[in-house]
Protein chains: 2
Amino acid sequence: MVPVMARALHHPATDTLELTGVLHALSDPVRLEIVRGLAAEGGCERRCNAFALPVTKSTRTHHFRVLRESGVIEQRAEGTAVVNRLRRKELDSRFPGLLDSVLSAR
Amino acid sequence: MVPVMARALHHPATDTLELTGVLHALSDPVRLEIVRGLAAEGGCERRCNAFALPVTKSTRTHHFRVLRESGVIEQRAEGTAVVNRLRRKELDSRFPGLLDSVLSAR
DNA sequence: CTGAAAGTACGACGATCATCGTACCAAACT
DNA sequence: AGTTTGGTACGATGATCGTCGTACTTTCAG
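Residues numbered from 1 in each chain as written. Chains lettered and ligands numbered in written order. Predicted model: local features only at pLDDT ≥ 70, side-chain atom pairs only at ≥ 80, totals over all residues. Heavy atoms only, no water.

(A) Molecular detail of the pattern of salt bridges. What the rule picks out here adds up to 11 salt bridges over all chains. A salt bridge links A:Arg76 to A:Glu78, with the nearest nitrogen and oxygen atoms 2.6 Å apart. One salt bridge in this structure joins B:Glu90 and B:Arg87, with 3.4 Å as the shortest N-O distance. Grouping residues by exposure puts B:Glu90 and B:Arg87 together as buried. Taken together, the shared-partner salt bridges in this structure form one network comprising A:Glu74, A:Arg85, A:Arg87 and A:Glu90. (Salt bridge = Lys/Arg side-chain N within 4 Å of Asp/Glu carboxyl O. Buried < 20%, exposed > 50% of the residue type's maximum accessible area, 1.4 Å probe, protein only.)

(B) Quick peek at the protein's contact with DNA strand C. Near DNA strand C lie 24 residues; those nearest to it are A:Asn49, A:Lys57, A:Thr61, B:Arg31 and B:His63. At the protein interface, 67% of the atoms of DNA strand C within 4 Å belong to sugar or phosphate. B:Arg31 is positioned such that a nitrogen or oxygen atom in its side chain is 2.8 Å from a phosphate oxygen of DNA strand C. B:Thr56 is positioned such that a nitrogen or oxygen atom in its backbone is 3.0 Å from a phosphate oxygen of DNA strand C. Of all the secondary-structure elements, those providing two or more residues to the surface near DNA strand C are α3 (57–70) and β3 (81–86) of chain A together with α3 (57–70) of chain B. Classifying every residue of the surface near DNA strand C gives seven nonpolar, 12 polar and five charged. (Near = heavy atom within 4 Å. Polar contact = N/O pair within 3.5 Å; in protein donor to acceptor, adjacent residues only side chain to side chain. Helix = DSSP H or I, 4+ residues; strand = E, 2+ residues; numbered from the N terminus. Nonpolar A, V, L, I, M, F, W, Y, C, P; charged D, E, K, R; others polar.)

(C) Inspection of the protein's contact with DNA strand D at higher detail. Residues in close proximity to DNA strand D total 25 residues, the closest being A:Ser58, A:His63, B:Asn49, B:Lys57 and B:Thr61. A:Ser58 places a polar side-chain atom, nitrogen or oxygen, 2.8 Å from a base oxygen of DNA strand D. Take A:His62: an N or O atom from its side chain is 3.3 Å from a phosphate oxygen of DNA strand D. Those elements that provide at least two residues to the surface near DNA strand D are α3 of chain A together with α3 and β3 (81–86) of chain B.

(D) Region of the structure containing the side chain of B:His63. The residue B:His63 is located in helix α3 in this model. When near neighbours in sequence (up to four residues on either side) are disregarded, B:His63 contacts B:Asp28, B:Val30, B:Arg31 and B:Ile34. (Contact = heavy atoms within 4.5 Å.)

(E) Focus on the packing of helix α2 (residues 29–39) of chain B against α3(B). Residue and element names in this part refer to chain B. At a minimum axis distance of 10 Å, the contact between α2 and α3 shows a crossing angle of 70°. Between α2 and α3, the angle is such that the two are roughly perpendicular. Pair α2 / α3 crosses with right-handed handedness. Note on element contacts: α3 touches α2 through His-62, His-63, Phe-64, Val-66 and Leu-67, opposite Val-30, Arg-31, Ile-34 and Val-35. In the contact of α2 with α3, the residues fall into six nonpolar, two polar and one charged. (Axes fitted to C-alpha atoms, helices over the stretch in contact; angles between N-to-C directions. Parallel < 35°, antiparallel > 145°, perpendicular 65-115°, else oblique. Left-handed = near helix turned anticlockwise from the far one by under 90°.)

Put into structure tokens, the structure is as follows:
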């Protein structure tokens, strides 16, 4: 039996990712911080809760949704929590070099 | 004597370019088309007029300004026209690989 | 069973954005 | 001097965005 909260999470296919959508998703400081956190230590997974962000729960949910719907992250339900993974391989395949250049930027 | 229209064009210094600003500038289809046009044939310069864009003159001016103020392009007055140049070298220096990955994306 | 934990859903708010039309301006051409 | 050319300035408008609070749901621990 699939958990209820895991059903409705839509993830775009790799070959349908739009460049403008990804760029827009990455153009917000809060979301960029999330992506950097997920990229640390090489493709680790982290719960939505495990980020120190200067926004409330609702805003947090909003940003994670933008990242998921643009194809930057994958979300998976695990109990009451949601585990996030950076779709590094898919992004590298669709937009080679983009993620690396963004992550290495200071 | 410097032409009047060339005075007020502000260009941010290379080391002050902000990643989120550049990403936001590149996240619009019209502006992305402008950047692609400027990147064609290796660093050519083109007038604002020399782009086939689905927007009016005012909107055109707006997009060119966003690109300039984020540091993506340089604008220079030449008679009544404005000549645009992609700040490729500066972008490559500040955000290595970013522009190339965006331009090679389809 | 009760309650806490972790998110989501929904609506609201102000801010920013992309777009446009009109008016304006400076340079070039006649 | 007048006109055309190429663009800017200045609102205005409707859409999207980032933020929040409140209410709700699901899961897990006691």
